[in-house]
Amino acid sequence: MTQNNENKVMSGREAVSSFVHDGDELIIGNYTVGTCTELVFEICRQQKENFTLYSQSGILDVDILVNAGCVDRLVTTYVMRSGGKTGGGAVERALQDGSIEMEDYTNFNYNARLAAGMHGFTFMPVLEGVMKTDLFKKRSFMGKDKYRVIECPYTGKKVLTVPAANPDVCIVHVQRADKYGNAQYWGALGSVAAAALCSDRIIVSCEEIVDHDVIKRSPNFTIIPAFRVNAVVEAPWGVHPTEVLGYYNRDLFFYGMFTNANTRADKVKEWMDEWVYGCPDRETYINHYINKYGSGMLDRLRAKPFYSAPANYGAAFTSAWDEKGKERSMGITLDEMEKLLDERGMLYE
Amino acid sequence: MSKKYTLNELLIITCAKEIKDYQNVMLGVGLPTTAGALAKALYAPNATLMMESGIIDFEPLVPLNHIADAHSCQGFSYATDLFSAFTMTYRGFVDVCFLGVGQIDKYGNVNTTCVGDYRNPELRLPGSGGAADFISYAKKTVLTLRGGQFVEKLDYFTSPGYLEGGSSRDDSGLYPQGSGPSMLLSTRGVFRFDPETKEMYLSRIHPGVTIEEVRKEVPWDLKVSPNLSQTDHPTDREIDFVRRLAPTESVGRKVRTELFIENALKRAGKRK
């Protein structure tokens with residue numbers, strides 16, 4: 001457990017070298033939207049390896065980690081397919097050459113593993129419809145522990161269950177956080193909070209670090225509390241070429257360039273050399289992008305404002321004592337209260 | 001005579017008619033989201049459009065990039081999480097969902113996981129995502145097949161249709177009674193499932209397509225409805241709506257990609 005009043009701001013490099021270790025169970029917190037590419041790239045640059053990687057729905061994040069050789073085992077529900085009939089992508093190549101093992105779940109049943117882990121349960125009942133399918137029957141490295149069937153103690157019905165997941169470390173990108181790690185995220189919630197909260201360590205990257213007061217004024221946006229967070233990385237454009245609601249749209253052009261490259265091992269290696277290994281951090285990456293394609297290409301992606309209506313977190317008063325110094329329910333001042341307590345023999349030396 | 005349409009437009013518009021007013025509709029990305037938007041605008045103003053990412057009651061203003069794309073709309077009514085999007089389906093609050101197909105058998109069982117051997121696949125397809133959960137518990141499911149195939153036996157059984165046919169799905173006790181795929185829409189026609197045998201049959205055929213062309217793609221002896229009709233010709237209003245909302249869906253992936261890359265490179269070049 002970390003502190004809730006400790007400044008945890010650090011660089012991506014420092015965060016990854018401190019909290020991501022070879023052989024970890026690593027989980028990508030983001031789901032389909034706004035995936036934490038800067039942290040993913042940093043993990044590749046530090047050549048971390050032998051991960052069991054969890055992802056609710058793999059997009060370029062999973063394929064980049066697999067391309068980089070970081071992954072031994074993959075637990076997911078969905079992988080990106082880069083080409084049509086040929087050149088599916090890194091995961092397909094790795095399955096074909098036997099360099100990764102993979103366990104397939106459905107979206108709910110994967111998410112349920114995180115939910116169990118997040119709440120401290122050892123397993124979770126799940127949607128049993130898959131029992132007729134190969135999702136239930138075909139098992140990889142988890143074997144019998146992919147799914148187990150128990151009897152419901154109340155109804156006697158067969159209940160399908162999945163084991164809790166408690167990954168070693170979660171990497172996740174959000175809109176904003178304070179320096180303590182209170183992380184605020186809005187839009188498509190997916191399984192982002194569960195992925196973070198089921199993990200032992202959490203690295204948060206964000207578009208901007210804001211004052212703690214901003215967090216306090218809108219606590220319903222906070223999906224990860226400071227006391228669970230190990231590192232806060234400020235990374236503007238930190239999920240490019242994916243998107244952040246309220247900040248920028250997906251860069252379909254650049255995403256397409258990756259997808260094209262990813263259909264072939266040699267082409268994607270060139271892409272990785274240029275954009276992942278060739279750029280030591282996000283700032284360099286963005287500058288390289290601007291030099292190559294022009295800043296107009298990024299400006300076109302910037303979000304125009306569409307603010308939420310402010311929610312009033314206010315109350316009738318913020319002190320037990322009214323403007324005349326009288327306690328609101330008893331109608332006496334502090335002096336009067338102390339005098340009364342003394343008179344009645346209720347104060348002790 | 002109404003105006004000419006693209007094949008994608010025909011598919012979107014045909015799909016949209018499966019959505020009825022006041023239904024809760026779980027949408028997948030691409031064709032279904034556009035169909036959902038069309039249905040809401042033209043036939044089902046009180047439908048609630050949902051996505052498994054937890055975006056509930058939204059109205060797309062541009063085509064979606066994926067099922068967590070809150071950039072496609074200006075706000076939405078209810079932000080929940082993925083877990084709850086599925087438990088609301090499990091509890092029976094989703095009337096219709098839409099799923100794409102990699103392989104399908106005659107009883108509407110679906111593979112979206114791989115072609116070839118699961119452990120050493122010829123093609124690794126995306127996987128289940130939410131598909132197996134949704135087709136299990138939505139009251140009905142609309143399947144779309146573009147680029148996939150009809151097979152005697154699935155290479156991997158991802159999502160349960162009518163299992164071995166007949167009453168086997170209902171008898172299993174695993175799914176809500178009467179649930180399952182209600183329609184398969186392919187690039188050639190509309191297929192339905194026999195109420196007794198649950199075997200798929202050709203119900204409607206798209207304009208300009210012959211029964212032989214449909215049969216050529218199906219490895220079993222495909223039954224054809226005695227009342228086989230032609231798929232409705234889209235109206236101008238429907239075509240205009242799709243073309244304005246989702247022009248990239250109208251033209252399809254190939255033309256879109258070609259023009260998109262050309263245009264982006266031109267723009268990047270101009271800037272330098």
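What you see is a predicted model, and the numbers here were worked out from it, not measured in a lab.

Some points on the overall build of chain B
Each helix and strand counted, chain B has 9 helices and 15 strands in total. Expected size for 272 residues packed as a compact globule is a radius of gyration near 19 Å; at 19 Å, chain B falls within 12% of this value. Viewed in the frame of its principal axes, chain B has a C-alpha envelope of about 60 × 45 × 45 Å. The buried share among the 272 residues of chain B stands at 55%. Partitioning the intrachain contacts of chain B with sequence separation of at least 6 by distance along the chain shows that 63% fall at a separation of at least 24. When the accessible area of chain B is evaluated, it comes to approximately 11500 Å², of which 50% is carbon and sulfur surface. One way to put it: in chain B the 32 positive side-chain charges average out to a point 7 Å from where the 32 negative ones average out.

Description of the sheet that holds strand β6 (residues 103-104) of chain B
Residues and elements named next belong to chain B. Taking strand neighbours across the sheet as the criterion, the 3 strands line up as β7-β6-β11 in an open arrangement whose pairing is mixed. Sheet topology places β7 (110-111) and β11 (149-150) at the edges, where each strand pairs with a single neighbour. Alignment of β6 against β11, held across 2 bridges, turns out to be parallel. Across the sheet, Q103 pairs through a bridge with Q149, a residue of β11.

So, the sheet that holds strand β6 (residues 148-151) of chain A
All names here are of chain A. Sheet architecture is open: 3 strands sit in the order β5-β7-β6, paired in antiparallel fashion. The open sheet terminates on both sides in strands that have one partner only, identified here as β5 (123-125) and β6. Adjacent strand axes in the sheet meet at a mean angle of 40 degrees, parallel and antiparallel pairs treated alike. As defined by bridge partners, β5 adjoins strand β7 (residues 158-163) across 3 bridges and the pair is classed as antiparallel.

What to know about the packing of helix α9 (residues 252-261) of chain A against helix α11 (residues 282-293) of chain A
All names here are of chain A. Where α9 meets α11, the axes come as close as 13 Å, and the angle between the chain directions of the two elements is 100 degrees. In terms of axis orientation, α9 runs roughly perpendicular to α11. On α11, the residues touching F253, F254 and M257 of α9 are Y285, Y289 and Y293.

Looking at the packing of helix α5 (residues 107-119) of chain A against helix α3 (residues 82-90) of chain B
Running from N to C, α5 of chain A and α3 of chain B cross one another at 125 degrees; their axes reach a closest spacing of 9 Å. For the element pair α5 of chain A / α3 of chain B, the angle class is oblique. In this structure, α5 of chain A meets α3 of chain B at a crossing whose hand is left-handed. Residues N107, F108, N111, A112 and A115 of chain A of α5 of chain A lie in contact with α3 of chain B, whose contacting residues are L82, F83, F86 and T87 of chain B. In terms of residue class, the contact of α5 of chain A with α3 of chain B is built from 6 nonpolar, 3 polar and no charged.

Some points on the nonpolar core
Taken as a class, soluble globular proteins show a tendency for nonpolar side chains to be buried jointly. Judged by nonpolar contacts, the single largest core of 119 residues is most densely connected at V204 and I224 of chain A together with I104, F150 and L184 of chain B. A total of 6 residues in this core trace back to one element, the largest contributor, which is α5 of chain A. Each of domain 1 (12-122 + 165-299) and domain 2 (125-163) of chain A gives at least three residues to this core. Setting aside anything within four residues of it in sequence, one finds V204 of chain A in contact with V172, V174, A177, A183, I224, V229, A231, V232 and V233 of chain A. L39, F51, L60 and A261 of chain A belong to the second-largest nonpolar core, a separate cluster that totals 62 residues.

Observations concerning helix α10 (residues 265-277) of chain A
Residues and elements named next belong to chain A. Over its 13 residues, α10 runs only 16 Å from end to end, short of the ideal 18 Å by more than 12%, given 1.5 Å per residue. Along α10, the sharpest kink reaches roughly 25 degrees, centred on W271. Considered for burial, the residues of α10 that qualify are V268, W271, M272, W275 and V276. Packed against the buried residues of α10 are α2 (37-45), α3 (60-67), α4 (90-96), α9 and α11.

Comments concerning the domain arrangement of chain A
What the domain assignment reports for chain A is domain 1 (12-122 + 165-299), domain 2 (125-163) and domain 3 (315-349). Placing the centre of domain 2 of chain A and that of domain 3 of chain A at their C-alpha centroids yields a distance of 60 Å.

Comments concerning the interface of chain B and chain A
Facing 58 residues of chain B, the contacting portion of chain A comprises 59 residues. Summing the contributions of chain B and of chain A, the shared interface buries around 4900 Å²; its carbon and sulfur component is 62%. Taken as a group, H71, F83 and R124 of chain B account for 15% of the area that chain B buries against chain A, more than any other trio of residues on that side. At the surface where chain B touches chain A, the tally comes to 1 salt bridge.

Quick word on the pattern of salt bridges
Per the counting criterion, the structure on display carries 26 salt bridges over all chains. Across the salt bridge formed by R124 of chain B and D104 of chain A, the nearest N and O atoms sit 2.8 Å from each other. On the criterion of chain membership, the pair formed by R124 of chain B in strand β9 (residues 121-124) and D104 of chain A in strand β4 (residues 101-104) is interchain, its members lying in two chains. With respect to burial, R124 of chain B and D104 of chain A carry one shared label: buried. Here R217 of chain A makes a salt bridge to D213 of chain A, at a shortest N to O gap of 3.0 Å. R217 of chain A gets classed as exposed once you look at its relative accessible area, which sits at 59%. Taken together, the shared-partner salt bridges connect E38, E42, R45 and R282 of chain A into one network.

Thoughts on α11 of chain A
All names here are of chain A. With 12 residues, α11 extends 16 Å from end C-alpha to end C-alpha; this agrees with the ideal 16 Å at 1.5 Å per step. The complete set of buried residues in α11 reads R282, Y285, I286, Y289 and Y293. End-on view of α11: buried residues confined to an arc of 95 degrees, all on one side of the axis. α11 presents E283 and N291 as exposed residues on the side facing more than 90 degrees away from its buried surface. Here α11 starts with a cap whose side-chain oxygen sits 3.3 Å from the backbone nitrogen of E283, and that cap is D281. Note on α11: the residue one or two positions beyond its end, G294, has a positive phi of about 95 degrees.

Quick notes on the packing of aromatic side chains
Scanning the model with the defined rule gives 26 aromatic pairs over all chains in all. Measuring from centroid to centroid gives 4.5 Å for F86 of chain B and F134 of chain B, while their planes differ by 25 degrees, and the two rings are stacked. With F86 of chain B in helix α3 and F134 of chain B in helix α4 (residues 131-137), this pair connects stretches of sequence that are 48 residues apart. Judged by its relative accessible area of 2%, F134 of chain B falls in the buried class. Taken together, the aromatic side chains of F41, F253, F254, F258, W271, W275, Y285, Y289 and Y293 of chain A make up a single cluster linked through ring pairs.

Quick notes on the rules
Residues numbered from 1 in each chain as written. Chains lettered and ligands numbered in written order. Predicted model: local features only at pLDDT ≥ 70, side-chain atom pairs only at ≥ 80, totals over all residues. Heavy atoms only, no water. Helix = DSSP H or I, 4+ residues; strand = E, 2+ residues; numbered from the N terminus. Rg over C-alpha atoms; globule rule 2.2 N^0.38 Å. Buried < 20%, exposed > 50% of the residue type's maximum accessible area, 1.4 Å probe, protein only. Contact = heavy atoms within 4.5 Å. Areas by Shrake-Rupley, 256 points an atom, 1.4 Å probe, with all protein chains shown as cover. Lys, Arg positive; Asp, Glu negative; His and termini not counted. Charge placed at Lys NZ, Arg CZ, Asp CG, Glu CD. Pairing = 2+ DSSP bridges. Axes fitted to C-alpha atoms, helices over the stretch in contact; angles between N-to-C directions. Parallel < 35°, antiparallel > 145°, perpendicular 65-115°, else oblique. Left-handed = near helix turned anticlockwise from the far one by under 90°. Nonpolar A, V, L, I, M, F, W, Y, C, P; charged D, E, K, R; others polar. Core = buried A, V, L, I, M, F, W, Y, C linked by side-chain atoms within 4.5 Å. Domains from an automatic or database assignment. Expected span 1.5 Å × (residues − 1). Bend = angle between axes of the 7 residues up to and from the residue. Buried area = accessible area lost by both parts, 1.4 Å probe. Salt bridge = Lys/Arg side-chain N within 4 Å of Asp/Glu carboxyl O. Arc of directions from axis to C-beta. Polar contact = N/O pair within 3.5 Å; in protein donor to acceptor, adjacent residues only side chain to side chain. Phe/Tyr/Trp six-rings, centres within 6.5 Å; stacked < 30°, edge-to-face > 60°.

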